[in-house]
Amino acid sequence: MRHVFSVRIGPVGFRVGSAWRAPIEQLETLYADYPRPEVPDFSVRLFPARPWRQFIRPSVTIGGDFMLPDALPLPLEQGLLAAEMGMNLQMALGQRRYLLLHASVVERDGKALLMSGISGAGKSTLSALLSTRGWRFMGDEFALIDPETGLLHAFPRLVSLKNAAIDVVTNALPDARFGPLLAGTPKGDIRHLVPDAGAVAAMDTPVPPALLLFPSYGFEADERVVPLSEVFVRLTQASTNYVALGERGFDALTRLVKTVPARAIDYPDTDSAVKQIEKLWAAL
C-alpha cells in the first residue's frame, strides 16, 4: 500500500494501508497520542476494487488479513469509517488471545463496568458521558477478557457516535477532540470521539469486571436482576469468537457469568441512565 499508518490500541497492534492519503491523514490526526506497535497483530487494506475506482467516483473496499468478500465498498469521503470497520473486522474474525464481547467498558476504583446490548441501546453514549464523571474509558466496541486471568484489557478505540448521540456528547464534552462528521453512512450520521489522555495513558492496565449492565433506551426508568441463564445466552450472542475459542471461551464466559452480578436497565434519557448506573455501582 502506498500510504501506511500503524497504531497500538491496548494490547493489539494494527497496520492500515491505503491507496489514498486522506484516510491515513485522518487516522494520524485522531490517533496522534497512541503508541505504535513493534510488530502489528493485524493488517487492514483500503483499496479500489477496480483501478478506475481510485480516481473516478472513488470507492473504498475493505480488506486485510481477514475480509468479507461480499461487503459493499464505501465512498472515499467515508474512508475513516472504512479503516475503523477494517480494524473491527480483523478483531472479530481473527482475535484468538482474548474472549471478545461486543460491549462498552468503563472503569472506576480498579474495577470495570461492562455494558452490552443491541445497536441503539446507548452503550457508546453512556460510556462517553461516564468518562466525564470520574470513570476511565476502556473501550467502545469490544471488551477483551483474558481467558486465563479473567481480567479485562482496555481497547480504547475512537468512540463511534451515531445520529442523535452526536449532539448529546458534543454538548457534554465541548473541549473534546472529534473526527469529521460522516453523513449518510449505512448506520446514519457518524462522528468519532477521541478518548481522553487518561484513557490512553492507562490502557495497559487491566482490571477485573465488577458489574454487567444491559441498557435499553427509550423506556420508562426501570431495573431488574438478570438470571444467569439469560446472561449467558446474551453474552454468547454478543461474542464474535466464543465458538472459535472452544473450551477456553466456554470457561471464561462461565466464570464471568457466575462471578459478576448482572442488571438490565431501561431509561428514557441519558441523565436518568447515569443516575441508575451510579446507584447500582454504589451498591456493589
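Our subject is the structure listed above.
This structure is a prediction, so every number in the text was calculated from the model and none was measured. (Residues numbered from 1 in each chain as written. Predicted model: local features only at pLDDT ≥ 70, side-chain atom pairs only at ≥ 80, totals over all residues. Heavy atoms only, no water.)

Caption draft 1: Quick look at the packing of helix α3 (residues 123–130) against helix α4 (residues 164–172). Viewed as axis vectors pointing N to C, α3 and α4 meet at an angle of 0°, and their least axial separation amounts to 10 Å. With respect to each other, α3 and α4 are oriented roughly parallel. Mapping the contact onto sequence places T125, A128 and L129 in α3 and A165, V168, V169 and A172 in α4. Of the residues that constitute the contact of α3 with α4, the class distribution is six nonpolar, one polar and no charged. (Axes fitted to C-alpha atoms, helices over the stretch in contact; angles between N-to-C directions. Helix = DSSP H or I, 4+ residues; strand = E, 2+ residues; numbered from the N terminus. Parallel < 35°, antiparallel > 145°, perpendicular 65-115°, else oblique. Contact = heavy atoms within 4.5 Å. Nonpolar A, V, L, I, M, F, W, Y, C, P; charged D, E, K, R; others polar.)

Caption draft 2: Spatial organisation of the sheet that holds strand β1 (residues 3–9). In spatial order, the strands read β1-β2-β3-β4-β5; together these five strands make up an open sheet with mixed pairing. Whereas interior strands pair on both sides, the edge strands pair on one side only; in this sheet they are β1 and β5 (74–75). Bridge count between β1 and strand β2 (residues 12–18): seven bridges; the pairing is antiparallel. Following the sheet pairing, S6 is matched in β2 by R15. (Pairing = 2+ DSSP bridges.)

Caption draft 3: Expanded view of unusual backbone geometry. In this structure, R57 is a non-glycine residue whose phi angle is positive, near 45°. Looking at where R57 falls in the secondary structure, it is placed in the loop between β3 (42–47) and β4 (59–64). For R57, a relative accessible area of 66% corresponds to the exposed category. (Buried < 20%, exposed > 50% of the residue type's maximum accessible area, 1.4 Å probe, protein only.)

Caption draft 4: A look at the pairing of β4. Counting buried residues along β4, five of its six residues qualify, which places the element largely inside the surrounding structure. Taken together, the four bridges between β3 and β4 define a ladder with antiparallel strand orientation. Within the sheet, the bridge partner assigned to L46 lies in β4 and is I62. In the sheet, β4 pairs with β5 via two bridges, with the strands oriented antiparallel. The residue bridging V60 from the neighbouring strand is L74, located in β5.

Caption draft 5: How the structure looks around the nonpolar core. The biggest cluster of nonpolar side chains holds 63 residues, and the ones touching the most others in it are F14, L27, Y31, M91 and L235. Sorting elements by how many residues they give to this core places helix α2 (residues 79–94) first, with seven residues. L235 has contacts with L101, S116, L212, F214, L253, L256 and V257, leaving out every residue within four places of it along the chain. Membership of the second largest hydrophobic core comes to 16 residues, among which are M115, L130, V274 and W281. (Core = buried A, V, L, I, M, F, W, Y, C linked by side-chain atoms within 4.5 Å.)

Caption draft 6: Seen up close, the sheet that holds strand β11 (residues 159–162). Pairing is antiparallel across the open sheet formed by three strands, whose spatial order is β11-β13-β12. In this open sheet, the two edge strands, each paired with only one partner strand, are β11 and β12 (182–185). Across the sheet, the mean angle separating the axes of adjacent strands is 35° when strand polarity is ignored. As paired strands, β12 and strand β13 (residues 188–193) are joined by two bridges and run antiparallel to one another. Among the inter-strand pairings, T185 is bridged to a residue of β13, identified as G188.

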